[in-house]
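Here's the letter readout for the chains.
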Amino acid sequence: MVQKEICRTSPGESEVSNNVSAPCQSYDMKQIRERQAKAAVSAAHLPAISRGLSQSGSVSADLMEQLRVLEEMKSAITALQARVAVAFDLAQRAEQAEAGVPVSERGQGVGAQVALARRESPNRGSRLLGLAKALVVEMPHTLAALQSGLLNECRATLLVKETACLSVEDRAAVDEELAADAGTFEGKGDRAIVAAVKAAAYRRDPRSVAGRAARAASERTVSLRPAPDTMTYLTALLPVAQGVAVYAALTRAADVARSIGGTGSGGASGSGDVSGPGAVPTRGQVMADTLVERITGTPGGFSGINLDLVMTDRTLFQGDSEPARLKGYGIVPAEWGRKLLGLGQAANSRPPANSEQANTGRATSRSGPAKPSHVQTAQEPSKAGQEVQEAPDPGLAVWLRRLYTAPGTGELLATDSKARLFTGRLRRLIETRDDTCRTPYCDAPIRHIDHVVSWQSGGKTNLTNGAGLCEACNHTKEHPGWTTASLHGGTHGVHTLEITTPTGHTYQAKAPPLPGHEQPHLSESALTSDPSLSDASL
């Protein structure tokens, strides 16, 4: 008897295979891909007629033409967004004038509203508003090129940026001289555009361009942003002489170390090094290790700085694969977190101060409204060491704190009241709960712990009425017309902020889930928690 297998190839279709021995999975996937490609081609009918071309060309030619049309549409939409943003700014200023807002305060918060509408961070929203004003008010030729599709938003931004130091008249003159809408930059790359704009700006006002270069030194800074695979980008914006000197020093140290067969002054790369035994570090690795040791004073880079690593008790004690979360970075693999803690634990001459409390975190209670399902670890310097498989880091010590979450929603409710590294327990709890700024689309680091309902308006200093915000967002919410409310419990489940802008638009931001939490559909009664746990005070 021949067995028939039904192999699904697309929704509503099937093919019958009489081959009993050959599995149909790979055959099915191949057919699915082919059918999906054909469906995509047949569905992609934004005809090239919009450019006066016929449909008689090949499929590939038509698809390429559609890509070009879509790109031009994106540029045209960007130009329209710029016009709308400027109109909104003028409307807001007029409404604020009618409300009696002082002239110096009019227009505040407009960039933040633009950011929310475009689903961008507040910083990005302010830059988009500035770009729109420059294009609409001062650079009509660049705006026309953007609207016609000759320039995209990125290159229009370059034109605006490179003329920012000029007066309104000189900027308009440069815009007219280059006349991007006349095809001046057709086929040009970013560098060519920047060079042309710089030359034109210097011809118009050399003193302003030179002054801009002199003022640039005041913008020196160091920033940190996440990179893939538990790495980070540490970026320094320095004057050219200092930057070249720093790079030359690191290069020289790496060359010396490699010439003598060593690893440099920063040879201990800590928990992140997975090189095999006897592996010779590359020049870049030695430079990076040297930079870490010279700045922190320790080979591993841990120099009395607290690191908050949040993971479930199952991840820490039972080898679960649920990822952890590192404050200031984001999600990290479970094995990476355990390895980091193992190096610190091995560096201690005795168990951590809270080892007993940490061990009890494994026994979770199902009867109460909260359970100790998460452990927060903090690292500080230590001196002694113990023997383990990997060399311990002498600058890393580990303290454990239990974090209590609601069983149904994962809401962070409380934490251990002892074994703190420093005071401000409620502040640390809110920072752990919110992770980054709570404003929608803003992932800046938390700088302020703010009352959702202000203290002057009767707001309490507790977990429910607290939110972590960056400095800019905290100042923005104080502008006239902005209101914030805390939606806690009920159908919202976790701590939720509702932000209302002066135009009446509302946006909600929920606290991010802690590692290991899944969001099941629970009844409202299962989402309630003990009110006493949310009344912790500073």
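What counts and how
- Residues numbered from 1 in each chain as written.
- Predicted model: local features only at pLDDT ≥ 70, side-chain atom pairs only at ≥ 80, totals over all residues.
- Heavy atoms only, no water.
- Salt bridge = Lys/Arg side-chain N within 4 Å of Asp/Glu carboxyl O.
- Helix = DSSP H or I, 4+ residues; strand = E, 2+ residues; numbered from the N terminus.
- Disulfide = S-S within 2.5 Å.
- Axes fitted to C-alpha atoms, helices over the stretch in contact; angles between N-to-C directions.
- Parallel < 35°, antiparallel > 145°, perpendicular 65-115°, else oblique.
- Left-handed = near helix turned anticlockwise from the far one by under 90°.
- Contact = heavy atoms within 4.5 Å.
- Nonpolar A, V, L, I, M, F, W, Y, C, P; charged D, E, K, R; others polar.
- Buried < 20%, exposed > 50% of the residue type's maximum accessible area, 1.4 Å probe, protein only.
- Expected span 1.5 Å × (residues − 1).
- Polar contact = N/O pair within 3.5 Å; in protein donor to acceptor, adjacent residues only side chain to side chain.
- Pairing = 2+ DSSP bridges.
- pLDDT = per-residue confidence, 0-100.

A look at the pattern of salt bridges
- Summed over all chains, the structure comprises 15 salt bridges.
- Residue Lys74 is joined to Glu71 by a salt bridge in which the shortest nitrogen-to-oxygen separation is 3.4 Å. In this pair, Lys74 and Glu71 are both assigned in helix H2 (residues 59-98), three residues apart and thus about one turn of the helix distant.
- In this structure, Asp89 engages Arg93 in a salt bridge whose closest nitrogen and oxygen atoms are separated by 3.0 Å. Residue Asp89 and its partner Arg93 are located together in helix H2, separated by four residues, close to a single helical turn.
- Salt bridges here are not isolated pairs; linked through shared partners, they connect Asp89, Arg93 and Lys133.

With respect to the state of the cysteines
- Scanning all chains against the criterion turns up zero disulfides.
- Cysteine Cys442 shares no disulfide, and the gap to the nearest cysteine sulfur, in Cys437, comes to 3.9 Å.

Here's the deal with the packing of helix H6 (residues 153-162) against helix H8 (residues 190-204)
- For the pair H6 and H8, interaxial distance at closest approach is 9 Å and the crossing angle is 25 degrees. Viewed along their axes, H6 and H8 adopt a mutual orientation that is roughly parallel. At the point where H6 passes H8, the crossing takes the right-handed sense. Counted together, Arg155, Leu158, Leu159 and Glu162 of H6 and Asp190, Ile193, Val194, Val197, Lys198 and Ala201 of H8 form the full contact between these two elements.
- Taken together, the residues that form the contact of H6 with H8 break down as six nonpolar, no polar and four charged.

Observations regarding the environment of Glu431
- By the secondary structure assignment, Glu431 is in helix H15 (residues 425-434).
- Classification of Glu431 as buried rests on a relative accessible area of 14%.
- Note: C-alpha distance between Glu431 and Gly466 (35 residues apart in sequence) is 9.8 Å.
- When neighbours within four sequence positions are excluded, Glu431 is seen to be in contact with Lys327, Ile446 and Ile449.

Topic: H2
- Compared with the 58 Å implied by 1.5 Å per residue over 40 residues, the 58 Å span of H2 between its first and last C-alpha is a close match.
- One or two steps after H2, the chain reaches Gly100, where phi turns positive at roughly 85 degrees.

Here we look at the side chain of Arg325
- Along the chain, Arg325 turns up in strand S6 (residues 324-326).
- Arg325 sits in the buried class, given a relative accessible area of 5%.
- Within the local environment of Arg325, its side chain forms a polar contact with the backbone oxygen of Thr432, the two atoms lying 2.3 Å apart.

Examining the environment of Leu237
- Summarising the element assignment, Leu237 is placed in strand S4 (residues 231-237).
- Taking the C-alpha atoms as reference points, Leu237 and Ser223, 14 residues apart in sequence, are found 8.4 Å from one another.
- With residues near it in sequence (within four places) discarded, Leu237 still touches Glu219, Arg220 and Thr221.

Considering the sheet that holds strand S13 (residues 483-487)
- Reading across the sheet, the three strands line up as S13-S14-S15 and stay open at both edges, with antiparallel pairing between neighbours. Strands with a single pairing partner mark the edges of an open sheet, and in this sheet they are S13 and strand S15 (506-510). Taking each pair of neighbouring strands and ignoring which way they run, the sheet shows an average axis angle of 20 degrees.
- Relative to strand S14 (residues 496-500), S13 runs antiparallel, the two being bridged by five bridges.

With respect to the confidence of the model for the protein
- Mean pLDDT for the protein: 74, with 64% of residues reaching 70 or above.
- Note that pLDDT drops below 50 for residues 520-538; the model gives that stretch 27 contacts with residues more than four away or on any other chain.

Focus on helix H7 (residues 168-178)
- Every buried residue belonging to H7 is among Asp170, Arg171, Ala173, Val174, Asp175 and Leu178, and all of these are buried.
- At its buried positions, H7 is contacted by helix H4 (122-138), helix H5 (140-148), H6 and H8.
- A positive backbone phi angle near 45 degrees is found at Ala179, which sits one or two residues after H7.

With respect to the pairing of S15
- In S15, alternate side chains face the same way, and those of Tyr507 and Ala509 are buried while those of Thr506, Gln508 and Lys510 on the opposite face are not.
- Relative to S15, S14 is paired through five bridges, and the arrangement is antiparallel. Looking at the pairing, Glu498 lines up with Gln508 of S15.

Overview of unusual backbone geometry
- With a phi close to 45 degrees, Ala179 is a non-glycine residue in the positive phi region.
- Assignment of secondary structure puts Ala179 in the loop between H7 and H8.
- Even without being glycine, Asp435 reaches a positive phi, approximately 70 degrees.
- Here Asp435 shows up in the loop between H15 and strand S11 (448-451).

What to know about the side chain of Asn465
- Its location among the elements puts Asn465 in the loop between S11 and strand S12 (466-469).
- Engagement of the side chain of Asn465 in a polar contact is seen with the backbone nitrogen of Val453, the distance being 2.9 Å.
- With residues up to four places along the chain from it excluded, the contact list for Asn465 reads Asp450, His451, Val452, Val453, Gly459 and Lys460.

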